[in-house]
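Structural overview
In case you want the letters, here they are:
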Amino acid sequence: MGAAMRRIHVGNALSAFGLGFTVPYLYVYVAQVRGLGAMTAGLVLAVFAVAALVVLPFAGRAIVRRGPLPVLLAALVTAAAGALSLGLAGDATAVLLSAAALGAGQAVMQPALATMIVDCSTADTRSRAFAVQFFLQNLGLGVGGLIGGHLVDSTRVASFTLLFSIEAAVFLLLVAVMATVRMPRAPRFEGAPARSTRDGWKQLLGNRAMVQLSVLGFVLFFACYGQFESGLAAYGVEAAGISTSALGTALAANTLVIVVAQFAVLRSVERRRRSRVIAGVGLIWAVAWVTAGFAGLGHGSQEMATAAFVTTYALFGLGEAMLSPTVAPLVADLAPEGMAGQYNSAFALVKQLALAVGPAVGGPMAASLHGPYVVTFLLFSLGISVLAVRLGRRLTPAQDHPWRGRSRVVTRGGAAAEAVPAEA
């Protein structure tokens, strides 16, 4: 791992730390601490999603034209300004504008960092680089949430002002760190400055494999990540009678499995076809939903229901660990030369759409329609497997199974090396 990649991973960890540091406490801050009510607090959370949906279509083109580093630095400064102003905002208008700046900045960070990973890695190292990214993101989110929770006090506005000020300082520190990154000379897409944003999206939509991967990505994020803190949590409390402490244990189990399993599964995942790995994740998540069904509908003891619910989150974590070195490198491999930023931003846009729709659909359904909720998302998980198999038929061997191509090159190289002395 070179110096540039190390700094990029520091950037991933710090950006995730900033996200976990404040986002879990936004609702309490706006609704209770600032006294602006539940409606305004809900609008703030919606503004985060809307801001991401607005800026991401333009972020990809900016990354292609200007490079990922300048776009990342601009996003960090925007996020720092939004965080600082959010800690000082006292009325609804100021809170919403600050949230929009913070949400837009954080949304652009991810495709910019992902494109930097693509530019600083090779086909041989890319899966491992994205696995490290996912590991550090989860670590940053967990540590940020833990520290932030110990700093805030709902009776003191000053504690939240301090929280958002620290977040702004973290983003500015990250500006200083990332400004020292020396990016390799990445290939540029010919004629990129002369092409319009519409042309870039038209070319992307013409890539059938990328379109299929985007549909698959939407279902992945909708059926898993979009349910974690909304539908699945509501289902656990309402149907399974899970306590808040048990819900915290389930979330911790999810993170623990990711941290423990990430590098354990990496070697196995690297040696298999990517489409088959994703299909396997769909099957694992289907088992997770069956386990969730047992927790809420199995009429067992409360201890069994709690254990099943914690197991559900753990199974989701195993699937996430399998996806991190699979999906992001596949997006990069599908992108033409110089277009990785556009493709990463498009996939981030799909993710944001799924994360916006997922809670809106799953939350109300989980609270009142327990059986249909589990069956619906069980079917979505099985649909992931079907979509993954179909995607595999459209991928080239190098895109679907890059390790096999590398192993053949090594084998041929070894055979050639042995043949020379024999002839001599």
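From a predicted model like this one, the values you see are computed outputs, not experimental measurements.

**As for the overall build of the protein chain**
- What the protein chain contains, in helices and strands, is 18 helices and zero strands.
- Contacts in the protein chain between residues at least 24 apart in sequence constitute 86% of all its contacts with a sequence separation of at least 6.
- If you sum the accessible surface of the protein chain, you get close to 18300 Å²; carbon and sulfur atoms cover 66% of it.

**Looking at helix 12 (residues 274-297)**
- With 24 residues, helix 12 should cover 34 Å at 1.5 Å per step; its first-to-last C-alpha distance of 34 Å lies within 8% of that length.
- In terms of burial, helix 12 is largely enclosed, as 17 of its 24 residues are buried.

**Concerning a nonpolar patch on the surface**
- Together, Leu139, Val143, Leu146 and Ile147 make up an exposed nonpolar region whose accessible area comes to about 330 Å².
- For valine 143, a relative accessible area of 36% puts it in the partly exposed group.

**Looking at a positive patch on the surface**
- Together, Arg208, Arg276, Arg390, Arg393 and Arg394 make up a positively charged patch on the protein surface.
- Per-element accounting of the positive patch gives the leading share, three residues, to helix 16 (residues 370-394).
- Within the secondary structure, arginine 394 sits in helix 16.

**Notes on the packing of aromatic side chains**
- Evaluated as defined, the whole model comprises 14 aromatic pairs.
- Judged by centre distance (5.6 Å) and plane angle (55 degrees), the ring pair of tryptophan 285 and phenylalanine 316 falls under tilted. With tryptophan 285 in helix 12 and phenylalanine 316 in helix 13 (residues 302-323), this pair connects stretches of sequence that are 31 residues apart.
- You can call phenylalanine 316 buried: its relative accessible area is 1%.
- A centroid spacing of 5.0 Å and a plane angle of 55 degrees characterise the contact between tyrosine 373 and phenylalanine 377, whose relative ring orientation is tilted. In this pair, tyrosine 373 and phenylalanine 377 both sit in helix 16, four residues apart, roughly one turn of the helix.
- Among the aromatic residues, ring-to-ring pairing joins Phe218, Phe222, Tyr235, Trp285, Trp289, Phe316, Tyr373, Phe377 and Phe380 into one connected group.

**Regarding the packing of helix 9 (residues 208-225) against helix 16**
- Interaxial distance between helix 9 and helix 16 falls to 10 Å at its minimum, and their mutual angle equals 160 degrees. With respect to each other, helix 9 and helix 16 are oriented roughly antiparallel. The two elements helix 9 and helix 16 cross, and the hand of that crossing is left-handed. Counted together, Arg208, Ala209, Gln212, Leu213, Val215, Leu216, Val219, Leu220, Phe222 and Ala223 of helix 9 and Phe377, Phe380, Ile384, Leu387, Ala388, Arg390, Leu391 and Arg394 of helix 16 form the full contact between these two elements.
- Along the lines of polarity and charge, the residues of the contact of helix 9 with helix 16 split into 14 nonpolar, one polar and three charged.

**A closer look at helix 4 (residues 68-88)**
- If you check helix 4, its first and last C-alpha atoms are 31 Å apart, about what 21 residues at 1.5 Å a residue would give, namely 30 Å.
- Within helix 4, burial applies to Pro68, Leu69, Val71, Leu72, Ala75, Leu76, Ala79, Ala80, Gly82, Ala83, Leu86 and Gly87.
- Those residues of helix 4 that are buried are in contact with helix 2 (26-33), helix 3 (37-66), helix 5 (92-119) and helix 7 (157-178).

**Describing the pattern of salt bridges**
- Applying the stated criterion to the full structure yields two salt bridges.
- The partner of aspartate 400 in a salt bridge is arginine 273, with the nearest N and O atoms 2.8 Å apart. Of the two residues, aspartate 400 sits in helix 17 (residues 397-400) while arginine 273 sits in the loop between helix 11 (244-270) and helix 12, which places them 127 residues apart along the sequence.
- The partly exposed category is assigned to arginine 273, whose relative accessible area is 31%.
- In this structure, aspartate 333 engages arginine 274 in a salt bridge whose closest nitrogen and oxygen atoms are separated by 2.7 Å. With aspartate 333 in helix 14 (residues 327-334) and arginine 274 in helix 12, the pair connects residues that are 59 residues apart, well separated along the chain.
- Look at aspartate 333 and you get partly exposed, because its relative accessible area is 25%.
- The exposure class assigned to arginine 274 is buried, which follows from its relative accessible area of 6%.

**Examining the confidence of the model for the protein chain**
- In this model, the protein chain carries an average pLDDT of 80, and 89% of its residues clear a pLDDT of 70 or more.
- Mean pLDDT across the elements of the protein chain ranges from a minimum in helix 18 (residues 402-423), with 45, to a maximum in helix 4, with 91.

**Overview of the packing of helix 10 (residues 231-238) against helix 16**
- At their nearest, the axes of helix 10 and helix 16 sit 11 Å apart, and the two run at 145 degrees to each other. The element helix 10 and its partner helix 16 pack so that their crossing is left-handed. Contact residues: helix 10 offers Gly231, Leu232, Tyr235 and Glu238, while helix 16 offers His370, Tyr373 and Val374.
- Considered class by class, the residues forming the contact of helix 10 with helix 16 number four nonpolar, two polar and one charged.

**Looking at the side chain of glutamine 399**
- Here glutamine 399 shows up in helix 17.
- If near-sequence neighbours (up to four positions away) are discounted, glutamine 399 is found in contact with Arg274, Leu330, Asp333 and Leu334.

**Structural notes on the side chain of serine 159**
- If you trace the backbone, serine 159 turns up in helix 7.
- Classification of serine 159 by relative accessible area gives buried; the value is 3%.
- Only 2.8 Å separates the side chain of serine 159 from the backbone oxygen of arginine 156, close enough to count as a polar contact.
- If we skip the residues at most four places from it in the chain, serine 159 touches Leu151, Val152 and Asp153.

**A word on the environment of leucine 88**
- For leucine 88, the location among the structural elements is in helix 4.
- On the accessibility criterion, leucine 88 (59% relative accessible area) is exposed.
- Separated by 77 residues in sequence, leucine 88 and serine 165 place their C-alpha atoms 9.0 Å apart.
- Excluding its chain neighbours within four sequence positions, the residues that come into contact with leucine 88 are Tyr29, Arg34 and Thr161.

Conventions adopted
Residues numbered from 1 in each chain as written. Predicted model: local features only at pLDDT ≥ 70, side-chain atom pairs only at ≥ 80, totals over all residues. Heavy atoms only, no water. Helix = DSSP H or I, 4+ residues; strand = E, 2+ residues; numbered from the N terminus. Contact = heavy atoms within 4.5 Å. Areas by Shrake-Rupley, 256 points an atom, 1.4 Å probe, with all protein chains shown as cover. Expected span 1.5 Å × (residues − 1). Buried < 20%, exposed > 50% of the residue type's maximum accessible area, 1.4 Å probe, protein only. Patch = residues over 30% accessible without salt bridge, like charges linked within 9 Å, V, L, I, M, F, W, Y side chains within 5 Å. Salt bridge = Lys/Arg side-chain N within 4 Å of Asp/Glu carboxyl O. Lys, Arg positive; Asp, Glu negative; His and termini not counted. Charge placed at Lys NZ, Arg CZ, Asp CG, Glu CD. Phe/Tyr/Trp six-rings, centres within 6.5 Å; stacked < 30°, edge-to-face > 60°. Axes fitted to C-alpha atoms, helices over the stretch in contact; angles between N-to-C directions. Parallel < 35°, antiparallel > 145°, perpendicular 65-115°, else oblique. Left-handed = near helix turned anticlockwise from the far one by under 90°. Nonpolar A, V, L, I, M, F, W, Y, C, P; charged D, E, K, R; others polar. pLDDT = per-residue confidence, 0-100. Polar contact = N/O pair within 3.5 Å; in protein donor to acceptor, adjacent residues only side chain to side chain.

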